[in-house]
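Listed here are the chains, written in short residue letters.
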Amino acid sequence: MDLFTNYSYVGLLLIVATLLGLSMVLIPQLLGLVGVVPRKPNAIKSSTYECGLDTIGPTWVQFNFRYYFFALLFVVFDIEMVFLFPWAVQFRQLKLFGLLEMMIFILILVVGFAYAWKKGALEWK
């Protein structure tokens, strides 16, 4: 019976999440059909707004992939710090097993860092 209770919480969470997602899509559509949402399009509302100035050049600029790659590398190494801090706080209780586990984790990250460095992903061209 306890197992059923645990899964009922997950099922309830899925139902609530689905209903919330559907309501976020359907409520504005229904309000638009009823006429609650104002619709008066004009050129000023459709123009691109950037800090109060008209944009210079095309409004859709394609970014270099390296921006995203650098951001991804930052997140990976930032998450490493999130794992290292609690490990350092509990180091005495974890003993040898905790040390070996963290060394394996750091080794995996060093291998990934060396691979990115070898491929030239860290060089800005």
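Anything mentioned here points back to the structure above.
A short tour of the structure in this document, coming up. All values reported here derive from a predicted model rather than from experimental measurement.

Calculation notes
- Residues numbered from 1 in each chain as written.
- Predicted model: local features only at pLDDT ≥ 70, side-chain atom pairs only at ≥ 80, totals over all residues.
- Heavy atoms only, no water.
- Helix = DSSP H or I, 4+ residues; strand = E, 2+ residues; numbered from the N terminus.
- Buried < 20%, exposed > 50% of the residue type's maximum accessible area, 1.4 Å probe, protein only.
- Contact = heavy atoms within 4.5 Å.
- Patch = residues over 30% accessible without salt bridge, like charges linked within 9 Å, V, L, I, M, F, W, Y side chains within 5 Å.
- Areas by Shrake-Rupley, 256 points an atom, 1.4 Å probe, with all protein chains shown as cover.
- Salt bridge = Lys/Arg side-chain N within 4 Å of Asp/Glu carboxyl O.
- Expected span 1.5 Å × (residues − 1).
- Bend = angle between axes of the 7 residues up to and from the residue.
- Axes fitted to C-alpha atoms, helices over the stretch in contact; angles between N-to-C directions.
- Parallel < 35°, antiparallel > 145°, perpendicular 65-115°, else oblique.
- Left-handed = near helix turned anticlockwise from the far one by under 90°.
- Nonpolar A, V, L, I, M, F, W, Y, C, P; charged D, E, K, R; others polar.
- Phe/Tyr/Trp six-rings, centres within 6.5 Å; stacked < 30°, edge-to-face > 60°.

**Focus: the environment of L122**
Right, so step 1: Examined against the element boundaries, L122 turns out to sit in the segment after α4 (91-118).
Right, so step 2: With relative accessibility at 30%, the residue L122 sits in the partly exposed group.
Right, so step 3: In sequence terms L122 and N42 are 80 residues apart; their C-alpha atoms lie 46 Å from each other.
Right, so step 4: Ignoring sequence-local partners within four residues, the contact set of L122 consists of F70, L73, F113, A116 and W117.

**Remarks on a nonpolar patch on the surface**
Right, so step 1: Side chains of L20, L22, M24, V25, L26, I27, L30, L31, L33, V34, V36 and V37 sit close together on the surface and give an oily, nonpolar patch of about 1,200 Å² of accessible area.
Right, so step 2: Structurally, the position occupied by L22 is in helix α1 (residues 2-34).
Right, so step 3: Looking at L22, the relative accessible area reads 46%, which means it is partly exposed.

**Some words on α4**
One full turn of an α-helix is made of 3.6 residues, so residues set three or four places apart face in the same direction.
Right, so step 1: Compared with an ideal rise of 1.5 Å per residue, which puts 28 residues at 40 Å, α4 spans 33 Å between its outermost C-alpha atoms and falls more than 12% short.
Right, so step 2: Along α4, the helix axis deviates most sharply at F97, where the bend reaches about 70°.
Right, so step 3: When α4 is considered as a whole, its buried residues turn out to be G98, M102, L109 and A116.

**Digging into the packing of helix α3 (residues 65-89) against α4**
Right, so step 1: Put simply, α3 and α4 touch, their axes get as near as 10 Å, and they point 165° apart. Overall, the two elements α3 and α4 adopt an arrangement that is roughly antiparallel. Judged by the sense of rotation from one axis to the other, the crossing of α3 with α4 is left-handed. Contacts from V76, F77, E80, F83, L84, W87, A88 and V89 in α3 reach F91, Q93, L94, G98, L99, M102, F105, I106, L109 and F113 in α4.
Right, so step 2: Its residues placed into classes, the contact of α3 with α4 shows 15 nonpolar, two polar and one charged.

**Quick notes on the packing of aromatic side chains**
Right, so step 1: Overall, the coordinates contain four aromatic pairs when judged by the stated rule.
Right, so step 2: Aromatic side chains F113 and W117 sit 5.6 Å apart centroid to centroid with 65° between the ring planes, which places their arrangement in the edge-to-face category. Here F113 pairs with W117, and both are found in helix α4, just four residues apart, close to one helical turn.
Right, so step 3: Among the residues examined, W117 registers a relative accessible area of 53% and is labelled exposed.
Right, so step 4: An aromatic cluster of three or more residues is present, and its members are F77, F113 and W117.

**Remarks on α3**
Right, so step 1: Given a rise of 1.5 Å per residue, 25 residues ought to cover 36 Å, and the 37 Å separating the end C-alpha atoms of α3 matches this to within 8%.
Right, so step 2: Every buried residue belonging to α3 is among L73, E80, L84 and W87, and all of these are buried.
Right, so step 3: For α3, the elements touching its buried residues are α4.

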